[in-house]
Amino acid sequence: MKVTYRQAELLDLPRIVAIYNQAVATRLSTADLKPLNVPQKLDWFLAHDGKKQRPLWVITDETKQIVGWLSLSDFYGRPAYRHTAEISLYLDKNCQGQGIGSQAVAFVESQVKKYQLDTLLAFIFGHNQASQHLFKKFGFTNWAHLPEVALMDGVRRDLDILGKKY
């Protein structure tokens, strides 16, 4: 599937939240345990200003429907880390496994210099093999392993931090 990217607009937030909530239910890619609503994500949305350093893009298909989103977020919120960002990628459940994730990571890599970044980090649960594979395919390597730091539905889960220098 061919996709395009554009800066997210406030009107996109309900769809962004809906896609995120699909991920909440899977327990694969977020530590949130309950679905969120649009007001709960508003401050997060406003923190992603593409004119500055931390963009939020929506991924659209040929019909201009939003099929996913990706963002760059501050790592640890301290000035010394300004050239490091966390990448987040969420796809509608009906659009996974179609190569969109690979296209999205390639797109973000094409934007790294524009946002004056030299390091990207991906926080991925150890049991999320699809995301582990995706990022490793692009040269991300394990920089940290945090064993059993998340408790979801009575199961302890590992978190891996994958990183890549540019």
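Before reading on, note that the structure itself is shown above.
Residues numbered from 1 in each chain as written. Predicted model: local features only at pLDDT ≥ 70, side-chain atom pairs only at ≥ 80, totals over all residues. Heavy atoms only, no water.

Looking at the environment of Lys114
Okay, step 1: Among the structural elements, Lys114 can be located in the loop between α3 (100–111) and β5 (119–125).
Okay, step 2: Taking C-alpha positions, Lys114 is 8.8 Å from Gln53, a pair spaced 61 residues apart along the chain. (Helix = DSSP H or I, 4+ residues; strand = E, 2+ residues; numbered from the N terminus.)

Brief notes about a nonpolar patch on the surface
Okay, step 1: A cluster of nonpolar side chains, namely Leu10, Leu42 and Leu46, defines an oily patch on the protein surface of about 280 Å² accessible area.
Okay, step 2: Take Leu10: it is sitting in the loop between β1 (4–7) and α1 (13–26). (Patch = residues over 30% accessible without salt bridge, like charges linked within 9 Å, V, L, I, M, F, W, Y side chains within 5 Å. Areas by Shrake-Rupley, 256 points an atom, 1.4 Å probe, with all protein chains shown as cover. Salt bridge = Lys/Arg side-chain N within 4 Å of Asp/Glu carboxyl O.)

Thoughts on the sheet that holds strand β7 (residues 155–165)
Okay, step 1: In spatial order, the strands read β1-β2-β3-β4-β5-β7-β6; together these seven strands make up an open sheet with mixed pairing. With one partner strand each, in any of the chains shown, β1 and β6 (141–152) form the two edges of the open sheet. In this sheet, neighbouring strand axes are inclined to one another by 25 degrees on average, regardless of whether the strands run parallel or antiparallel.
Okay, step 2: Pairing geometry for β6 and β7, over eight bridges, is antiparallel. Across the sheet, residue Thr141 finds its bridge partner in β7, namely Gly163.
Okay, step 3: Running over the sheet, α3 touches β1, β2 (56–60), β3 (66–74), β4 (84–91), β5 and β7 and is turned about 155 degrees from β4.
Okay, step 4: Where helix α4 (residues 129–137) meets the sheet, it contacts β4, β5, β6 and β7, and its direction lies at approximately 160 degrees from that of β5. (Pairing = 2+ DSSP bridges. Axes fitted to C-alpha atoms, helices over the stretch in contact; angles between N-to-C directions. Contact = heavy atoms within 4.5 Å.)

Things to note about unusual backbone geometry
Okay, step 1: A positive phi angle is found at Arg27, which is not glycine, with a value near 65 degrees.
Okay, step 2: Despite not being glycine, Glu148 has its phi angle at roughly 50 degrees, a positive value.
Okay, step 3: Looking at the secondary structure, you find Glu148 in strand β6.

A word on the packing of aromatic side chains
Okay, step 1: Within this structure, the stated rule accounts for eleven aromatic pairs.
Okay, step 2: Centroid distance Trp57 to Tyr115: 6.1 Å. Interplanar angle 75 degrees. Geometry classified as edge-to-face. Of the two residues, Trp57 is situated in strand β2 and Tyr115 in the loop between α3 and β5; the sequence distance between them amounts to 58 residues. With respect to burial, Trp57 and Tyr115 carry one shared label: buried.
Okay, step 3: Where Phe135 meets Phe140, the ring centres are 5.1 Å apart and the plane angle is 85 degrees; that geometry is what we call edge-to-face.
Okay, step 4: Here Phe140 falls in the buried class, since its relative accessible area comes to 2%.
Okay, step 5: Feature note: the residues Tyr5, Trp57, Phe107 and Tyr115 constitute an aromatic cluster, connected by ring pairs.
Okay, step 6: Positioned above the aromatic ring of Trp44, the side-chain terminus of Lys41 is 4.2 Å from the ring centre.
Okay, step 7: It is Arg78 that lies over the ring of Tyr76; its NZ or CZ is 4.8 Å from the centre. (Phe/Tyr/Trp six-rings, centres within 6.5 Å; stacked < 30°, edge-to-face > 60°. Buried < 20%, exposed > 50% of the residue type's maximum accessible area, 1.4 Å probe, protein only. Lys NZ or Arg CZ within 6 Å of the ring centre and 35° of its normal.)

Some remarks on the pattern of salt bridges
Any two side chains of opposite charge can pair, given that their charged atoms come close.
Okay, step 1: For the structure on display, the rule yields five salt bridges.
Okay, step 2: Ionic pairing is found between Asp92 and Arg15, a salt bridge with its closest N-O pair at 2.8 Å. Placement of the pair is Asp92 in the loop between β4 and α3 and Arg15 in helix α1, with a sequence separation of 77 residues.
Okay, step 3: For Arg54, the salt bridge identified is with Asp74, shortest N-O distance 2.7 Å. Residue Arg54 is located in the loop between α2 (38–47) and β2, and its partner Asp74 is located in strand β3; the two are separated by 20 residues in the primary sequence.
Okay, step 4: On the basis of relative accessibility, which here comes to 49%, the residue Asp74 falls in the partly exposed class.

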